[in-house]
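# Breakdown of the fold
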Amino acid sequence: MTTSDAQYLARAIKLATANVAAGGGPFGAIVVTADGSVFEGLNRVTANNDPTAHAEVTAIRAAGAGTGTHDLSGAVLYTSCEPCPMCLASSLWARLDRVVFAADRHDAARAGFDDAVFYEYFEKPVAERSLQVTQAAAQDVSATAPFEAWTVAENRVDY
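Residues numbered from 1 in each chain as written. Predicted model: local features only at pLDDT ≥ 70, side-chain atom pairs only at ≥ 80, totals over all residues. Heavy atoms only, no water.

### A look at the overall build of the protein chain
A tally of regular secondary structure across the protein chain gives 7 helices and 4 strands. For the protein chain, the α and β elements follow one another from N to C terminus as α-β-β-α-α-β-α-β-α-α-α. Expressed as lengths along the three principal axes of its C-alpha atoms, the size of the protein chain is roughly 55 × 40 × 30 Å. Relative to its full complement of 159 residues, the protein chain shows a buried share of 30%. Sequence separation of at least 24 residues holds for 46% of the intrachain contacts in the protein chain that already meet a minimum separation of 6. Total accessible area on the protein chain is roughly 10,000 Å²; 57% of this is exposed by carbon and sulfur atoms. Distance from the positive charge centre (11 side chains) to the negative charge centre (19 side chains) of the protein chain: 5 Å. (Helix = DSSP H or I, 4+ residues; strand = E, 2+ residues; numbered from the N terminus. Buried < 20%, exposed > 50% of the residue type's maximum accessible area, 1.4 Å probe, protein only. Contact = heavy atoms within 4.5 Å. Areas by Shrake-Rupley, 256 points an atom, 1.4 Å probe, with all protein chains shown as cover. Lys, Arg positive; Asp, Glu negative; His and termini not counted. Charge placed at Lys NZ, Arg CZ, Asp CG, Glu CD.)

In structure tokens:
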């Protein structure tokens, strides 16, 4: 870990702590792009009634909006706590180069945030998962119609 890694991580922790004082969740994150631009994110789950408004996701959203691109290749995510599976997936979709975190999932569990259940979800056989996800046939339309439209769309932006 570099000195700048430690500095950005400290900033993410301070954001998380300040967010608690402001009535938010104890999570903060920063995306630093390849050119050094910095974008902050706070946990806004309860403030916005949005279960996807984790600090990492809000930082990635801010970086995408601020840079004008969905491809954040070369960027680093600094987060006050180990990312949950949703935040890890968001980091992958954003094409981040690295994720650096402070507290881990066990620290979060001791504070009442037990992400272990979500990590374990993917380890279980499909039939044993708590949320059943099934494929079904749609009525009067092909399931692949959106993909067929996408492959011939001249104005698409690949991602």
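Here the narrative resumes, following the displayed structure.
### What to know about the packing of aromatic side chains
Applying the stated criterion across every chain, the model contains 5 aromatic pairs. When the centroid spacing of 5.0 Å and the interplanar angle of 85° are considered together, the rings of Phe27 and Phe113 count as edge-to-face. One end of the pair, Phe27, is in the loop between helix 1 (3-21) and strand 1 (28-32); the other, Phe113, is in the loop between helix 5 (105-110) and helix 6 (116-123), and 86 residues separate them in sequence. Aromatic side chains Trp150 and Tyr159 sit 6.2 Å apart centroid to centroid with 75° between the ring planes, which places their arrangement in the edge-to-face category. Of the aromatic side chains, those joined through ring pairs into one cluster are Trp93, Trp150 and Tyr159. (Phe/Tyr/Trp six-rings, centres within 6.5 Å; stacked < 30°, edge-to-face > 60°.)

### A closer look at helix 4 (residues 85-93)
Looking at helix 4, one finds that the buried residues are Pro85, Cys87 and Ser91. Within helix 4, the buried residues cover an arc of 165° as seen down the axis, which keeps them to one side. In helix 4, those exposed residues whose orientation departs by more than 90 degrees from the buried face are Leu92 and Trp93. Elements in contact with the buried residues of helix 4: helix 3 (55-67), strand 3 (76-81), strand 4 (98-103) and helix 6. Positioned one or two residues after helix 4, Arg95 has a phi angle of 65°, which is positive. (Arc of directions from axis to C-beta.)

### Thoughts on the UniProt feature "domain: CMP/dCMP-type deaminase" (unreviewed entry) in the protein chain
UniProt feature "domain: CMP/dCMP-type deaminase" (unreviewed entry): in the numbering of this structure it lies at residues 3-116. Here residues 3-116 is 46% helix and 19% strand, with 30 Å between the C-alpha atoms at its ends. (UniProt positions renumbered as here; feature names shortened; annotations may be inferred.)

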